[in-house]
Amino acid sequence: METSGIVRRQTAERVRDTLARLVAERDVWVSTAHPDHGPHQVPLWFLWDGRAVWMCTSATSATARNIRTEPRVRLALADTFDVVLLQGEAECFPDHEIPASAAEAFAGKFVWDPRAEKDSFLYVRVVPRTVRAWRGEPELRGRVVMRDGVWLE
């Protein structure tokens, strides 16, 4: 791994950078697990509402089935150099039960409203309990920027 030129960021800067990416980015990798079938990982569109990640998937998908069985999930933004990992428990909302503000924000960001589709969709909300963020080896130490749902400074 090339680490020359990396300036180690302080925790507050990592938190600011992480929050900016959560607002700006579109895709997140979602890792779930089923006790019999093991791990499952898919990319989904996501919305950050300032406190939680909102995603949407088919109500019959493996992701939906896994979350109903085991709600603990891990989320990862796509960049493997500027790593952001979130961990928390998923809460499911059928498309007819999602809070209107979340559904409207999701539809506004993606110009697609799953509630208008013929098939049923499940909205998934994850309030992170732990967030890790680092850029290269110099930032591995101190990579936890949220612990027990509280952003660190």
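Criteria and thresholds
- One numbering rule holds for all chains: residues counted from 1, following each sequence as written.
- Local features in a predicted model are, by the rule used here, given only for residues with pLDDT of at least 70; side-chain atom pairs are given and counted only at 80 or more, and totals for whole chains, interfaces and linings are based on all residues.
- Computation of side-chain values covers all heavy atoms of the structure but excludes hydrogens and water.
- Helix numbers and strand numbers start at the N terminus; a helix is a DSSP run of H or I with at least 4 residues, a strand a run of E with at least 2.
- Every radius of gyration here is taken over C-alpha atoms, with the globule rule written as 2.2 Å times N^0.38, N being the number of residues.
- Exposure is judged per residue with a 1.4 Å probe applied to protein chains only, and the accessible area is read against the type maximum: over 50% gives exposed, under 20% gives buried, and values in between give partly exposed.
- Any two residues whose heavy atoms approach within 4.5 Å at even a single point are treated as in contact.
- For this count, His and the chain ends are skipped, Lys and Arg are scored as positive, and Asp and Glu as negative.
- To locate a charge, the coordinates of NZ of Lys, CZ of Arg, CG of Asp or CD of Glu are taken.
- Note on ring pairs: Phe, Tyr and Trp rings are taken, using the six-membered ring of Trp, and paired if centres are within 6.5 Å. Classes follow the plane angle, with under 30 degrees stacked, over 60 edge-to-face and the rest tilted.
- Put simply, a charge is over a ring when the Lys NZ or the Arg CZ is close to the ring centre, within 6 Å, and near the line of the ring normal, within 35 degrees.
- Criterion used throughout: strands pair if DSSP finds at least two bridges between them.
- Think of a salt bridge as a Lys or Arg side-chain nitrogen and an Asp or Glu carboxyl oxygen that are within 4 Å of each other.

Caption draft 1: View of the overall build of the chain. Regarding its fold elements, the chain presents three helices and eight strands. Against the globule reference of 15 Å for 153 residues, the chain gives a C-alpha radius of gyration of 16 Å, in line with a compact fold. In terms of its C-alpha atoms, the chain occupies a principal-axis envelope of roughly 50 × 35 × 25 Å. Across the 153 residues in the chain, those meeting the buried criterion constitute 41%. Long-range contacts, defined as pairs at least 24 residues apart, comprise 64% of the intrachain contacts of the chain with a sequence gap of at least 6. Averaging the locations of the 21 positively and 22 negatively charged side chains of the chain gives two centres separated by 5 Å.

Caption draft 2: Up close: the packing of aromatic side chains. This model, assessed by the stated rule, comprises seven aromatic pairs. By way of ring pairs, the aromatic residues Trp45, Phe106, Phe110, Trp112, Phe121 and Tyr123 are connected into one cluster. A cation sits over an aromatic face here: Lys109 above Phe46, 4.8 Å from the ring centre. The ring centre of Trp134 lies 5.6 Å from the NZ or CZ of Arg143, which sits over that ring.

Caption draft 3: Highlighting the side chain of Arg125. Here Arg125 lies in strand S6 (residues 121–135). Discounting residues that sit within four places of it in the chain, Arg125 has contacts with Arg51, Ala52, Val53, Trp54, Glu89, Ala90, Glu91 and Phe93.

Caption draft 4: Representation of the pairing of strand S5 (residues 82–94) in the model. Here strand S4 (residues 72–77) runs beside S5; their pairing, made up of five bridges, is antiparallel. From the neighbouring strand, Leu75 faces S5, where its bridge partner is Leu86. In sequence, S4 turns back onto S5 through a hairpin of four residues. In the sheet, S5 pairs with S6 via 13 bridges, with the strands oriented antiparallel. Pairing of Pro94 across the sheet is with Leu122, part of S6.

Caption draft 5: Just the pattern of salt bridges, in detail. In total, this model carries 14 salt bridges according to the counting rule given. Two residues, Arg9 and Glu139, come together in a salt bridge whose shortest N-O distance is 2.7 Å. Residue Arg9 is located in the segment before helix H1 (11–24), and its partner Glu139 is located in the loop between S6 and strand S7 (144–147); the two are separated by 130 residues in the primary sequence. Here Arg9 and Glu139 have matching classes, each one buried.

Caption draft 6: Examining the environment of Phe93 more closely. Locating Phe93 in the fold gives a position in strand S5. For Phe93, a relative accessible area of 14% translates into the label buried. Placed 30 residues apart in sequence, Phe93 and Tyr123 show a C-alpha to C-alpha distance of 5.0 Å. If sequence neighbours within four positions are ignored, Phe93 has contacts with Trp54, Ile98, Pro99, Phe121, Leu122, Tyr123 and Arg125.

Caption draft 7: Up close: unusual backbone geometry. Even without being a glycine, Val111 presents a positive backbone phi close to 50°. Examined against the element boundaries, Val111 turns out to sit in the loop between helix H3 (100–110) and S6. At Asp148, a position not held by glycine, the phi torsion is positive, near 55°. Relative to the elements of secondary structure, Asp148 occurs in the loop between S7 and strand S8 (150–151). The exposed category is assigned to Asp148, whose relative accessible area is 53%.

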